[in-house]
Amino acid sequence: MSGHPPGGTAQQRDEVVLDSSAGVVKARQLARTLAQEARLSLVDQTKLVTAASELARNTLVYGGGGRMQAETVAVNGRSGVRLVFTDTGPGIPDVELALTDGWTSGGGMGLGLSGARRLVDEFELETEVGKGTQVTIVKWVR
């Protein structure tokens, strides 16, 4: 992550280690807390927490564990929450397939990456086979 967004500021940064299902629960709780602090609507809070839950679980199950960095952000008069999920797992060999609606490798809420992507305003996926994956999501206050 490259620090502060251009033309903006990061208000608060926290990190959750995703090495167990307890870490996934902590990630959900932190996402909800920051969503409330950013004053996201209840619907958008729920969308962010749902996406965070799916991505945290993916980091644990498919990435072999990792971390979630979370921060409130303000850019060009807009405010929101940015979550970054990072692992050093096997990576995603077929990103196009992994982002296909309805595709799931099993388990989870069945949302998959495409479902998580639909729930947020910004979604960026970087992956390299054998090196790991990083997914960055942002939900902006409307």
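The structure under discussion appears in the preceding block.
Student: Is there a simple way to explain the overall build of the chain in this structure?
Tutor: In terms of regular secondary structure, the chain is built from four helices and five strands. The N-to-C order of helical and strand elements in the chain reads β-α-α-β-β-α-α-β-β. For the chain, the residues scored as buried account for 46% of the 142 residues in total. For the chain, long-range pairs separated by at least 24 residues make up 65% of all intrachain contacts whose partners lie at least 6 apart in sequence. When the accessible surface of the chain is split by element, carbon and sulfur atoms take 50% of a total near 7,200 Å².

Student: Would you mind going over the packing of helix α1 (residues 21-37) against helix α2 (residues 42-61) with me for this structure?
Tutor: How two helices sit against one another is set out by the angle between their axes and by the gap between those axes. Direction vectors running N to C along α1 and α2 enclose 155°, while the axes themselves pass 9 Å from each other. It follows from the interaxial angle that α1 and α2 lie roughly antiparallel. The element α1 and its partner α2 pack so that their crossing is right-handed. Together, S21, V24, A27, R28, A31, R32, A35 and Q36 of α1 and Q45, L48, V49, A52, S53, A56, R57 and L60 of α2 make up the contact between the two elements.

Student: In this structure, what is going on with the pairing of strand β4 (residues 122-128)? I would like to understand it.
Tutor: Sheet faces and side chains relate simply in a regular strand, where the side chains alternate between the two faces. Across seven bridges, β4 lies against strand β5 (residues 132-140) in antiparallel orientation. Each residue of the ladder has a partner; that of E124, found in β5, is T136. Counting the residues between successive antiparallel strands, the hairpin from β4 to β5 contains three residues, one of them, G130, with a positive phi of roughly 85°.

Student: How should I be thinking about the packing of aromatic side chains in this particular structure?
Tutor: In this description, an aromatic ring pair is defined by two values, namely the gap between the centres and the angle between the planes. If you walk through the whole model with that rule in mind, you get zero aromatic pairs. The ring of W140 has R78 sitting right over it, with the charged end atom 4.1 Å from the ring centre.

Student: How do you make sense of the nonpolar core when you look at a structure like this?
Tutor: Within soluble globular proteins, side chains that are nonpolar generally end up buried alongside one another. Core analysis: the biggest nonpolar cluster contains 32 residues, and L48, M68, L83, F85, L113, F123 and I137 have the highest contact counts within it. Contributions of two or more residues to this core are made by β1 (8-18), α1, α2, β2 (66-75), β3 (78-87), α4 (112-119), β4 and β5. Every residue in contact with F85, bar those within four places of it in the chain, is listed here: L18, A52, L55, A56, T59, R67, M68, T133, Q134, V135 and I137.

Student: Got a minute to help me understand the environment of R32 in this structure?
Tutor: Secondary-structure assignment places R32 in helix α1. Residue R32 is classed as partly exposed on the basis of its relative accessible area of 29%. As for R32 and L42, which are separated by ten residues in sequence, their C-alpha atoms are 9.8 Å apart. In this view, R32 contacts Q45 and V49; residues no more than four positions away in its chain are not counted.

Student: Hey, could you run me through the pattern of salt bridges in this one?
Tutor: Between side chains of opposite charge, pairing is possible as soon as their charged atoms come close. Under the criterion given, the structure shown has eight salt bridges. The partner of R13 in a salt bridge is E71, and the shortest N-O contact between them spans 3.0 Å. Of this pair, R13 sits in strand β1 while E71 sits in strand β2, and the two are 58 residues apart along the sequence. Overall, R13 belongs to the partly exposed group, its relative accessible area being 45%. Given a relative accessible area of 1%, E71 falls into the buried group. We note a salt bridge from K139 to D121, for which the minimum N-O separation is 3.7 Å. You can see K139 sitting in strand β5 and its partner D121 sitting in the loop between α4 and β4, a full 18 residues away along the chain. On the accessibility criterion, D121 (31% relative accessible area) is partly exposed. Linked by salt bridges that have partners in common, D44, D121, K139 and R142 make up one network.

The rules behind each value
Residues numbered from 1 in each chain as written. Predicted model: local features only at pLDDT ≥ 70, side-chain atom pairs only at ≥ 80, totals over all residues. Heavy atoms only, no water. Helix = DSSP H or I, 4+ residues; strand = E, 2+ residues; numbered from the N terminus. Buried < 20%, exposed > 50% of the residue type's maximum accessible area, 1.4 Å probe, protein only. Contact = heavy atoms within 4.5 Å. Areas by Shrake-Rupley, 256 points an atom, 1.4 Å probe, with all protein chains shown as cover. Axes fitted to C-alpha atoms, helices over the stretch in contact; angles between N-to-C directions. Parallel < 35°, antiparallel > 145°, perpendicular 65-115°, else oblique. Left-handed = near helix turned anticlockwise from the far one by under 90°. Pairing = 2+ DSSP bridges. Phe/Tyr/Trp six-rings, centres within 6.5 Å; stacked < 30°, edge-to-face > 60°. Lys NZ or Arg CZ within 6 Å of the ring centre and 35° of its normal. Core = buried A, V, L, I, M, F, W, Y, C linked by side-chain atoms within 4.5 Å. Salt bridge = Lys/Arg side-chain N within 4 Å of Asp/Glu carboxyl O.

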